Amino acid sequence: MSDYQQFLDERDKIDFLIQKGYRISGVNEHLNGATVEFAHPKGNVTEILKIGTANARKYFTSLLLKQNHTR
């Protein structure tokens, strides 16, 4: 899979969770990318995504900044 295709796949997974009402609750950076934890505000439900591409990491960072700005 090309890097661009991998980015699109990761971006779609992030967007899907955001559209379902999840918020980014934690980020763990590591050598292989990042692990992003999403929590749903209505309930005790969490989802974890492993993000590997640099563009997807930039994408979720921009969403995190936007999320923290609108609190």
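So, a few notes on the structure that sits alongside this text. Quick caveat, the model's predicted, so the values are computed rather than measured.

Here we take up the overall build of the protein. In terms of regular secondary structure, the protein is built from two helices and three strands. When the elements of the protein are put in sequence order from the N terminus, they spell out α-β-β-β-α. A compact globule built from 71 residues would reach a C-alpha radius of gyration of about 11 Å, and the protein, at 12 Å, matches this within 12%. Reported as C-alpha extents along the three principal axes, the dimensions of the protein are approximately 35 × 20 × 20 Å. Sequence separation of at least 24 residues holds for 43% of the intrachain contacts in the protein that already meet a minimum separation of 6. Looking at the protein as shown, the accessible area adds up to about 5,100 Å², and 51% of this sits on carbon and sulfur atoms. Mean positive and mean negative side-chain charge positions of the protein (10 and 8 charges, respectively) differ by 7 Å.

Counting 13 residues, the largest nonpolar core has Ile 14, Val 36, Phe 38, Leu 49, Ile 51 and Phe 60 as its most contacted members. Only helix 1 (3-19), strand 2 (33-39), strand 3 (46-51) and helix 2 (54-69) provide two or more residues apiece to this core. In terms of residue count, helix 1 provides more of this core than any other element does, four residues in total. Setting aside chain neighbours within four positions, we find Ile 51 in contact with Glu 10, Ile 14, Asn 32, Gly 33, Ala 34, Val 36, Ala 56, Arg 57 and Phe 60.

In an α-helix there are 3.6 residues to a turn, and that puts residues three or four apart on one side. Here helix 1 contains 17 residues, and its C-alpha end-to-end distance of 24 Å stays within 8% of the 24 Å for a straight helix at 1.5 Å per residue. Buried within helix 1 are the following residues: Phe 7, Leu 8, Glu 10, Ile 14 and Leu 17. Among the structural elements, strand 2, strand 3 and helix 2 are those in contact with the buried residues of helix 1. Within two residues after helix 1, Gly 21 carries a phi angle of roughly 100°, on the positive side.

Definitions and cut-offs
Residues numbered from 1 in each chain as written. Predicted model: local features only at pLDDT ≥ 70, side-chain atom pairs only at ≥ 80, totals over all residues. Heavy atoms only, no water. Helix = DSSP H or I, 4+ residues; strand = E, 2+ residues; numbered from the N terminus. Rg over C-alpha atoms; globule rule 2.2 N^0.38 Å. Contact = heavy atoms within 4.5 Å. Areas by Shrake-Rupley, 256 points an atom, 1.4 Å probe, with all protein chains shown as cover. Lys, Arg positive; Asp, Glu negative; His and termini not counted. Charge placed at Lys NZ, Arg CZ, Asp CG, Glu CD. Core = buried A, V, L, I, M, F, W, Y, C linked by side-chain atoms within 4.5 Å. Buried < 20%, exposed > 50% of the residue type's maximum accessible area, 1.4 Å probe, protein only. Expected span 1.5 Å × (residues − 1).

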